[in-house]
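# Observations on the three-dimensional arrangement
Now for the letters of each chain:
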Amino acid sequence: MAGTHAENAHGAHGHDDHGHGQSGAGHATLGGYLTGFFLSIILTAIPFWIVMGDVFRSTSTAAVVLLVFAAVQIVVHMVYFLHMNSKSEGGWNMLAMIFTAVLVVITLAGSFWVMHHLNTNMMPGGAHDMQNMEGMRPAETPEPR
Amino acid sequence: MSAHASAAIDDKTFYLREEHHPENGTLLGFWTYLMSDCLIFAVLFACYGVLGRNYAAGPSGADLFDLKLVAINTAFLLLSSITYGLAMLEMEKNRKGTTLFWLGVTGVFGACFLGLELYEFWHLIHEGATPQRSAFLSSFFALVGTHGLHVFFGCVWLITLMVQVGQRGLILENRRRLMCLSMFWHFLDVVWIGVFTFVYLMGTL
C-alpha cells in the first residue's frame, strides 16, 4: 500500500513539474545558486572592507551604508536561496513574509524610538533634568547666594 | 493541471490531491514557523539595539570583537548555504550518494561555524567579558547564542536526515524533510547577515 502511494505521488510529481516548480522550493537551478553565492560574497566582502579598512570618516555614514548592504544581501538570499517570489504557495509565503516584515519594523523602530527618548530624558544633565534643576535651584539652595 | 490529472486517471484523483496538498501545507506551515522564529530574532535584535551601548564601564564591542574571526565564520555559513543548495540539486536529480556527500560537507561547515563561535565565546568569558558583566554583553550573548543554538539544532537535524536518507533513500517524506531543513538553513544564514552587520561591524565602528 505504501508502495502504490509512493508511485502515485511520484506520478503526480512528474505530471505537474511546472506547477510544482512555481508552488514550492523546487525550481532551483545551479545558475541561481551560483549567482546568489557570488552576489553574497561581494555584498559581504564590501561591508567588512569598509569597517576593517576605515573607509568612511563619519561613523554614521558607514553605519547607513552597512545597513543598506545588509538589506540588499537579505533580498539576494531570499530570492536565490529561499526562492521567494509572489507565486510560491499561491502567494501565501509572500503574504506571511510581508506581515512578519511589518511586525519586525514596528518592533525595532518602536523599541528604538521609545528607548531613545527615554535615554535622552533620563540622561544626567539632559535637557529635562536641567529644566528641573533650574526650577529647583532658588528654592533648594538659597543660602550660598 | 487538475483537469489533466482527473481525465487521465479518474479513480486516483482523490489520492493525488491528498498526496499533493500535505506537501505544500508542510512547506507553508514551516515557512510560518520560520516567520515566527524571525520575530524572536527581531525582539533579540531590538534588545541588543537598546542595550548594546550600555557597557557599565566594561569592555565595548570595539575592544572585544575580532573581525577576522567573524569574517571566517561568515564564510563558513555562506559556504554551507551553497553546499546545501548543491545537495538539493542532487536530490532533484535523484542521486542519493552525491546528495549525502553535499549534506555532509554542509554539516562540516556548520560544525566549523559552531566551533569557531564557541572558541570566541570561551575567549570572551576567559577575558572576563561574561554575560553578567554588562547589559551590552547580556544582550550580545542572548542574540548570538540563540543564533548559535539554532545552528546547533540545524546540525542535529542534518545528521538525523542523513541517517534517514541513508536508510530509506530519497523517498517523498525525506525530500519534504530536506526541503524544510533547506529553508531553515538558508533562514539562519539570513539572520547571520543581520548579526554580523548590526552586532559585529556596527559595534566595531
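Residues numbered from 1 in each chain as written. Chains lettered and ligands numbered in written order. Predicted model: local features only at pLDDT ≥ 70, side-chain atom pairs only at ≥ 80, totals over all residues. Heavy atoms only, no water.

Our next topic: the layout of surface pockets. Counted as a void, the largest pocket has a volume near 940 Å³. Lining the largest pocket we find 29 residues, and of these A:Ala71, A:Ile74, A:Val104, A:Leu108 and B:Val190 sit closest to its centre. Listed by contribution, the elements that provide at least two residues to the lining of the largest pocket are helix H4 (59-80) and helix H5 (92-122) of chain A together with helix H2 (13-51) and helix H7 (172-204) of chain B. For the lining of the largest pocket, the element with the most residues is H5(A), which contributes nine residues. Class assignment of the residues belonging to the lining of the largest pocket gives a composition of 26 nonpolar, three polar and no charged. (1 Å grid on protein atoms, 1.4 Å probe; cavity = no way out; pocket = protein on both sides within 12 Å on 5 of 7 lines; lining within 4 Å. Points joined across faces, edges and corners; volume = space filled by probe spheres on them. Helix = DSSP H or I, 4+ residues; strand = E, 2+ residues; numbered from the N terminus. Nonpolar A, V, L, I, M, F, W, Y, C, P; charged D, E, K, R; others polar.)

Looking at the element boundaries, A:Ser40 is found in helix H3 (residues 30-52). Polar side-chain contacts of A:Ser40 include one of 3.2 Å to the side chain of A:His77. (Polar contact = N/O pair within 3.5 Å; in protein donor to acceptor, adjacent residues only side chain to side chain.)

Residue and element names in this part refer to chain B. Mean pLDDT over chain B: 90, with 88% of residues reaching 70 or higher. Below pLDDT 50 for its whole length, residues 17-22 participates in seven contacts with residues either more than four positions away or in separate chains. Overall fold confidence (pTM) sits at 0.80, and the ipTM for the predicted complex is 0.84. (pLDDT = per-residue confidence, 0-100. Contact = heavy atoms within 4.5 Å.)

Glancing now at the nonpolar core. Among the nonpolar cores identified, the biggest contains 82 residues, and B:Trp31, B:Phe140, B:Leu178 and B:Tyr200 are the most heavily contacted of them. Among the secondary structure elements, those contributing two or more residues to this core are H3 and H4 of chain A together with H2, helix H4 (67-92), helix H5 (96-126), helix H6 (135-168) and H7 of chain B. The greatest single-element share of this core, amounting to 19 residues, is contributed by H7(B). Every residue in contact with B:Leu178, bar those within four places of it in the chain, is listed here: B:Tyr84, B:Met88, B:Met91, B:Leu103, B:Leu161, B:Val165 and B:Leu170. (Core = buried A, V, L, I, M, F, W, Y, C linked by side-chain atoms within 4.5 Å. Buried < 20%, exposed > 50% of the residue type's maximum accessible area, 1.4 Å probe, protein only.)

Once that is clear, we can look at the UniProt feature "transmembrane region" (unreviewed entry) in chain B. Residue and element names in this part refer to chain B. In this numbering, the UniProt entry assigns the feature "transmembrane region" (unreviewed entry) to residues 27-51, 71-89, 101-119, 139-163 and 184-203. Across residues 27-51, helical content stands at 100% and strand content at 0%; the span's end C-alpha atoms are separated by 36 Å. Between the first and last C-alpha atoms of residues 184-203 the distance is 27 Å; the span itself is 100% helix and 0% strand. (UniProt positions renumbered as here; feature names shortened; annotations may be inferred.)

Moving on, we come to the packing of aromatic side chains. Residue and element names in this part refer to chain B. With the rule as written, the count across this model stands at 26 aromatic pairs over all chains. Between Phe136 and Phe140, the aromatic rings sit 6.3 Å apart at their centres with planes inclined by 35°, giving tilted as the arrangement. With Phe136 and Phe140 both in helix H6 and four residues apart, the pair spans about one turn of that helix. A single burial state applies to Phe136 and to Phe140, both of which are buried. (Phe/Tyr/Trp six-rings, centres within 6.5 Å; stacked < 30°, edge-to-face > 60°.)

This brings us to the environment of B:Leu27. Examined against the element boundaries, B:Leu27 turns out to sit in helix H2. Separated by 152 residues in the primary sequence, B:Leu27 and B:Met179 have C-alpha atoms spaced 7.7 Å apart.

The next point concerns the interface of chain A and chain B. Contacts between the two partners involve 49 residues from chain A and, on the opposite side, 50 residues from chain B. Interface area for chain A against chain B, summed over the two sides, is near 4600 Å², with a carbon-plus-sulfur share of 80%. If you sort the residues of chain A by the area they bury against chain B, A:Tyr33, A:Phe48 and A:Leu82 come out on top, with a joint share of 13%. Seen at the junction of chain A and chain B, the total is zero salt bridges. The tally of links from chain A across to chain B stands at one residue pair in polar contact (both at pLDDT 80 or more). Of all the secondary-structure elements, those providing two or more residues to the side of chain A that touches chain B are helix H1 (2-15), helix H2 (17-23), H3, H4 and H5 of chain A. A breakdown of the residues in the side of chain A that touches chain B according to their chemical character gives 31 nonpolar, 16 polar and two charged. (Buried area = accessible area lost by both parts, 1.4 Å probe. Salt bridge = Lys/Arg side-chain N within 4 Å of Asp/Glu carboxyl O.)

Okay, the UniProt feature "transmembrane region" (unreviewed entry) in chain A next. Feature annotation in UniProt assigns "transmembrane region" (unreviewed entry) to the following positions: residues 30-51, 63-82 and 94-114 of chain A. End-to-end, the C-alpha atoms of residues 63-82 of chain A are 27 Å apart, and along that stretch the chain is 90% helix and 0% strand.

Another point: unusual backbone geometry. All names here are of chain B. Unusually for a residue other than glycine, Ala56 sits at a positive phi of about 50°. Note that Ala56 resides in the loop between H2 and helix H3 (61-64). Among the residues examined, Ala56 registers a relative accessible area of 52% and is labelled exposed. The backbone of Ala57 sits at a positive phi, close to 60°, despite the residue not being glycine. Considering the arrangement of structural elements, one finds Ala57 in the loop between H2 and H3.

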